[in-house]
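Analysis of the macromolecular model
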Amino acid sequence: MAKETNNHIGKWKTSALGHLSKDTNGDEKTDYSRWRLEDKQGTQIWRYLESDEENKTWPQSVYEKHFLGLDTGLPDVSPAKTPLDAAKNGLEYYKNLQLPSGQWAAESSGPLLMLPVVVISCYVTNTPIPPAHAVEIKRYLFSQQHLVEGGWGWHVEAKSSNIGTALNYVTLRLLGASKDDPRLAKARKFLHSVGGAIYGPSVSKHFLSVLGVMEWSCVSPFLPEVWLLPDTDPTAPMNWYVHTRTNYLPMSYLWSKKWTYTPDALTTEIRSELYTKPYETVNFSGHRDSIADTDNNWPKSWLVHFMNFLMVWLWLPIRWSSLIKRAEDRVYELMQADDKNTDSIGLSPISNALQLVVCYSHDGENSESVRIHREKILAYFWMKEEGMLCNLCEGTQSWDTAMSIQAVGAAGLAGDPKYRTTLTKAQEFLEYHQVTTNVENQENCYREPRKGGWAFGTKYHGYIISECTAEGLRSILQLQELHKFPKLISAERLQDSVDCLLRLQNDTGGFCIYEKRRCSPKLELLDAAEFSGKSMVSYDYVECTTSVITSLFWFQKFYPKYRTNEIEAVKHKGLSFIRQSQQKDGGWPGTWGICFSYGAMWALETLALNGEYYSTSDYSRRGCEFLLSLQREDGGWGESYLSAEQKTYIAEKESQVVQTAWACLALMEANYPNKEPITKGIKLVMSRQQAKGQWLQEALEGSTDLIRVFSHPNYKIIWPVRAFGQYIQRYGNEELH
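Just so you know, these numbers come straight off a predicted model, no measurement behind them.

Brief notes about the overall build of the chain
Along the backbone of the chain there are 26 helices and 6 strands. By the compact-globule yardstick of 27 Å for 737 residues, the chain fits well, its C-alpha radius of gyration being 26 Å. In terms of overall dimensions, the chain has a C-alpha envelope of 75 × 60 × 45 Å along the principal axes. Of all 737 residues assigned to the chain, the portion counted as buried reaches 64%. Considering only contacts within the chain whose residues lie at least 6 apart along the sequence, 73% involve residues at least 24 apart. Just so you have it, the chain exposes about 26900 Å², and 53% of that area is on carbon and sulfur atoms. Taking the 78 positively charged and 86 negatively charged side chains of the chain as two groups, their mean positions are separated by 1 Å.

In structure tokens form, the structure reads like this:
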């Protein structure tokens with residue numbers, strides 16, 4: 001018999017019951033004037049103020065209004081006539097978005113799998129979701145539903161899929177949406193048309209089994225025994241891409257335990273909605289390998305199918321209890337280490353949420369580990385005009401702050417007293433969030449030296465990134481050496497950054513994102529994600545490599561005697577990698593931005609620092625000609641996220657401000673001799689600047705092999721300002737009409 005539904009949504013604290021209204025779809029909506037973004041020295045947590053007294057004593061800031069799509073109350077600026085006018089107008093708006101800790105905050109979203117995993121994990125651990133969060137999560141998910149067929153993609157640009165529809169349907173039901181809502185009825189019809197939830201990828205089946213709305217027999221094995229493999233084994237988890245490694249860790253524990261939430265009235269209802277036949281009649285074990293065509297974007301290799309066969313029919317029947325316990329204990333030991341090393345934030349919301357479930361299972365509901373995870377998971381939620389989403393990481397605080405410093409400097413305004421306080425706070429933020437220690441017992445938990453690095457978000461998160469470390473180093477060098485700001489970060493700590501970067505170079509000359517590559521690309525034969533691919537191996541990236549090499553050029557300007565020979569060797573190999581990465585058509589495929597315009601900007605800047613320009617280098621010349629062949633009649637560039645997926649340039653419907661800024665920067669860095677196409681691009685960017693100095697959100701800016709597409713909203717100010725500054729340096733501050 002099903003138990004009563006748990007109290008998974010928190011209670012309102014006042015008789016006003018949240019001050020709710022109805023949006024244009026008739027859904028409940030919170031009062032946006034009551035949302036506040038708490039800034040705990042870089043950690044961002046959205047709070048909803050229910051009482052009028054709280055709302056009065058904690059006024060809403062400009063940056064909060066900006067994130068929520070409200071009127072910021074800022075005055076209009078005079079229309080820009082020159083690039084400097086436009087840069088100043090942009091920065092006049094942007095400086096108001098800086099948080100008290102000195103960072104610039106932003107959403108970092110795109111995938112639609114994060115919210116379901118977090119909500120499911122909260123539900124099964126009796127972790128109440130704040131009621132205002134629940135209201136706005138529902139609004140956001142309904143806003144992302146495809147209106148025609150009624151499903152959801154696995155990311156915001158994707159077509160409807162089984163995994164996206166099943167998981168987001170379940171999430172809405174857990175948050176109180178009625179199965180009789182016409183939108184959910186439509187979603188259910190689509191899900192059934194693609195076979196029901198048993199035709200989802202393995203990860204979808206795993207999450208649904210944790211919730212208790214699917215049987216574990218439908219899930220391909222996630223063996224914890226792999227964590228007992230010797231490190232010398234090329235297939236051992238220590239060699240996997242770090243996100244796959246950290247996600248598989250709790251997934252293997254839960255699979256081994258066959259841990260599942262005891263059905264209650266709501267989950268029993270959901271069981272009856274996800275399949276094309278009654279739950280009790282579904283042959284779950286017979287659909288372990290079933291997957292809908294909509295989701296089979298990266299089919300499992302013959303090797304994965306063969307290994308699953310061996311595990312199910314030969315290994316599982318003979319698994320012995322002592323081995324299972326040793327494997328599960330090792331997994332829990334690694335999770336404890338990860339919690340310690342990330343302040344229980346985790347590498348992603350998926351690893352954080354699933355480790356909450358593991359702690360609940362292992363330590364108990366009232367344990368300290370569960371309490372801490374419940375607190376930390378709130379940092380992943382983000383509020384915006386459409387509702388509440390889940391960021392794909394802790395945040396972009398350090399990265400956006402470093403790039404913001406460089407934009408002000410590029411505009412020639414670092415010495416302007418108006419921006420002194422802004423830059424000082426940004427410098428202090430980067431100083432505070434440089435990682436200054438290595439992970440304790442790092443070899444035992446598969447971590448590499450991180451001392452001197454910067455993470456994407458904060459130091460609490462603890463996973464440094466090559467590109468973030470490089471741009472953090474460059475930003476501090478520019479402030480302290482070029483613009484003569486106080487030397488908050490000592491020479492020794494700057495050298496730590498260099499040491500950190502030098503260790504990260506691969507034998508190819510390239511750099512990955514988090515760690516050195518640890519395995520052969522052949523390990524992708526074990527990729528079992530299905531809906532997305534390239535999840536097993538750490539790859540070299542053009543922009544990570546260019547960023548590191550560029551920062552080393554900057555470092556040598558001011559510290560020419562430190563590890564000179566080693567730096568020169570790393571630069572030489574890195575430059576060779578950059579040249580070799582150029583495609584036959586002249587383009588460089590970027591990965592963390594979309595895509596060829598992004599890659600070209602980074603590559604041409606680095607080649608220029610090595611004295612390779614349009615007039616002297618065939619690589620630079622072909623890169624410029626490639627970009628120029630793609631410029632539109634309006635002077636802009638516009639590229640679809642599909643370029644990153646297909647590794648060939650695919651045009652967006654319209655020119656994009658951010659991509660146009662990237663292309664203009666690339667051409668200017670290469671010293672392209674013809675000013676006209678650059679001027680046309682700059683004019684387009686200026687023409688789209690809004691009355692208060694900002695730019696509107698266009699297509700999403702970010703992409704990766706694994707995530708496909710994600711948002712970088714601060715880019716729409718950072719990169720135009722940087723492009724204006726570069727234009728002024730090269731051509732002067734002329735009026736552009």
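Thoughts on the environment of Ser220
Here Ser220 lies in the loop between α8 (202–211) and α9 (242–257). The class of Ser220 is buried, set by a relative accessible area of 4%. If near-sequence neighbours (up to four positions away) are discounted, Ser220 is found in contact with Ser202, Trp255, Arg288, Asp289, Lys300 and Asn308. Polar side-chain contacts of Ser220 include one of 3.4 Å to the side chain of Lys300.

Focus: the pattern of salt bridges
The tally for this structure, following the rule as stated, stands at 45 salt bridges. Here Glu38 and Lys40 are joined by a salt bridge, their closest N and O atoms 3.8 Å apart. Residue classification places Lys40 among the partly exposed positions, given a relative accessible area of 40%. Each member of the salt-bridge network shares a partner with another, and the members are Arg245, Glu448, Glu515 and Arg518.

Quick look at the side chain of Gln478
Here Gln478 lies in helix α17 (residues 466–482). Those residues in contact with Gln478, other than ones at most four positions away along the chain, are Gln406, His483 and Trp554.

Thoughts on unusual backbone geometry
One non-glycine residue, Lys258, lies in positive phi territory at about 50 degrees. Position of Lys258 relative to the elements: it lies in the loop between α9 and α10 (265–271). Backbone geometry places Glu530, a non-glycine residue, at a positive phi of 75 degrees. Tracing the chain through its elements places Glu530 in the loop between α18 (491–503) and α19 (542–558). Residue Glu530 is classed as buried on the basis of its relative accessible area, which comes to 4%.

Side note on the nonpolar core
Inside soluble globular proteins, nonpolar side chains tend to come together where they are buried. Within the largest apolar cluster, 224 residues are counted, with the highest numbers of intra-cluster contacts made by Trp35, Trp46, Leu174, Leu274, Tyr275, Ile682 and Trp719. A per-element tally of this core places helix α24 (residues 657–669) first, with 10 residues.

Comments concerning the pairing of strand β4 (residues 43–48)
Burial analysis of β4 places 5 of its 6 residues in the buried class, which makes it a mostly covered element. Here strand β3 (residues 35–40) pairs with β4 via 6 bridges, running antiparallel. Within β4, the position partnered with Arg36 by the bridge is Arg47. Between β3 and β4, which pair antiparallel in sequence order, lie 2 residues; one of them, Gln41, sits at a positive phi of approximately 50 degrees.

Overview of a nonpolar patch on the surface
A cluster of nonpolar side chains, contributed by Trp302, Phe306, Phe309, Trp313, Leu314 and Leu525, occupies part of the molecular surface with about 730 Å² of accessible area. Residue Leu525 is classed as partly exposed on the basis of its relative accessible area, which comes to 37%.

Overview of the packing of aromatic side chains
With the rule as written, the count across this model stands at 37 aromatic pairs. Centroid distance Tyr63 to Phe67: 6.3 Å. Interplanar angle 50 degrees. Geometry classified as tilted. Pair noted here: Tyr63 and Phe67 are both in helix α2 (residues 62–68), with a separation of 4 residues, about one helical turn. Neither residue differs from the other here; Tyr63 and Phe67 are each classed as buried. Taken together, a centroid distance of 6.0 Å and an interplanar angle of 85 degrees make the contact between Tyr715 and Trp719 edge-to-face. Of this pair, Tyr715 and Trp719 both sit in helix α26 (residues 715–731), separated by 4 residues, roughly a single helical turn.

Quick notes on the side chain of Gln434
In this fold, Gln434 is placed in the loop between α16 (420–433) and α17. Only 3.1 Å separates the side chain of Gln434 from the backbone oxygen of Gly452, close enough to count as a polar contact. When neighbours within four sequence positions are excluded, Gln434 is seen to be in contact with Gly452, Gly453, Trp454, Lys459, Ile489, Arg493 and Ser497.

Observations regarding helix α11 (residues 302–315)
With 14 residues, α11 ought to run about 20 Å at 1.5 Å a step, and its terminal C-alpha atoms sit 18 Å apart, in line with that. Of the positions making up α11, those classed as buried are Val304, Asn308, Met311 and Val312. Axial view of α11: buried residues confined to an arc of 90 degrees, hence all on one face. Every exposed residue of α11 that faces more than 90 degrees away from the buried side is listed here: Trp302, Trp313 and Leu314.

Some words on the state of the cysteines
Applying the stated rule across the entire model yields 0 disulfides. Counting only cysteine sulfurs, Cys390 is the nearest neighbor of Cys122, a cysteine outside any disulfide, at a range of 9.6 Å. No disulfide involves Cys664; its sulfur sits 12 Å from the nearest other cysteine sulfur, which is in Cys624.

Quick look at helix α21 (residues 596–609)
Over its 14 residues, α21 runs 20 Å from end to end, which matches the ideal 20 Å to within 8%, given 1.5 Å per residue. Extensive coverage of α21 is indicated by the burial of 13 of its 14 residues. Following α21 by one or two positions, Gly611 has its phi on the positive side, about 85 degrees.

With respect to the environment of Leu20
Tracing the sequence through the fold places Leu20 in the segment before β1 (21–22). Distance from Leu20 to Val135, taken between C-alpha atoms, is 9.0 Å for residues 115 residues apart in sequence. With sequence-adjacent residues up to four places away left out, Leu20 is seen in contact with Trp12, Glu28, Lys29, Thr30 and Val135.

Observations concerning the packing of α17 against α21
Taken N-terminus to C-terminus, the directions of α17 and α21 make an angle of 50 degrees; their axes are 16 Å apart at the nearest point. Considering the angle they form, α17 stands oblique to α21. Two packed elements cross with a definite hand, and for α17 against α21 that hand is left-handed. Between α17 and α21, the residues in contact are Glu467, Glu471 and Arg474 and Tyr598, Trp602 and Glu605, respectively. Broken down by class, the residue content of the contact of α17 with α21 amounts to 2 nonpolar, no polar and 4 charged.

Structural notes on the packing of α19 against helix α20 (residues 564–580)
Running from N to C, α19 and α20 cross one another at 145 degrees; their axes reach a closest spacing of 10 Å. Remark: the crossing between α19 and α20 carries left-handed chirality. Note on element contacts: α20 touches α19 through Thr564, Ile567, Glu568, Val570, Lys571, Gly574, Leu575, Phe577 and Ile578, opposite Val542, Thr545, Thr546, Ile549, Leu552, Phe553, Phe555 and Gln556. Considered class by class, the residues forming the contact of α19 with α20 number 10 nonpolar, 5 polar and 2 charged.

Each value, and the rule that gives it
Residues numbered from 1 in each chain as written. Predicted model: local features only at pLDDT ≥ 70, side-chain atom pairs only at ≥ 80, totals over all residues. Heavy atoms only, no water. Helix = DSSP H or I, 4+ residues; strand = E, 2+ residues; numbered from the N terminus. Rg over C-alpha atoms; globule rule 2.2 N^0.38 Å. Buried < 20%, exposed > 50% of the residue type's maximum accessible area, 1.4 Å probe, protein only. Contact = heavy atoms within 4.5 Å. Areas by Shrake-Rupley, 256 points an atom, 1.4 Å probe, with all protein chains shown as cover. Lys, Arg positive; Asp, Glu negative; His and termini not counted. Charge placed at Lys NZ, Arg CZ, Asp CG, Glu CD. Polar contact = N/O pair within 3.5 Å; in protein donor to acceptor, adjacent residues only side chain to side chain. Salt bridge = Lys/Arg side-chain N within 4 Å of Asp/Glu carboxyl O. Core = buried A, V, L, I, M, F, W, Y, C linked by side-chain atoms within 4.5 Å. Pairing = 2+ DSSP bridges. Patch = residues over 30% accessible without salt bridge, like charges linked within 9 Å, V, L, I, M, F, W, Y side chains within 5 Å. Phe/Tyr/Trp six-rings, centres within 6.5 Å; stacked < 30°, edge-to-face > 60°. Expected span 1.5 Å × (residues − 1). Arc of directions from axis to C-beta. Disulfide = S-S within 2.5 Å. Axes fitted to C-alpha atoms, helices over the stretch in contact; angles between N-to-C directions. Parallel < 35°, antiparallel > 145°, perpendicular 65-115°, else oblique. Left-handed = near helix turned anticlockwise from the far one by under 90°. Nonpolar A, V, L, I, M, F, W, Y, C, P; charged D, E, K, R; others polar.

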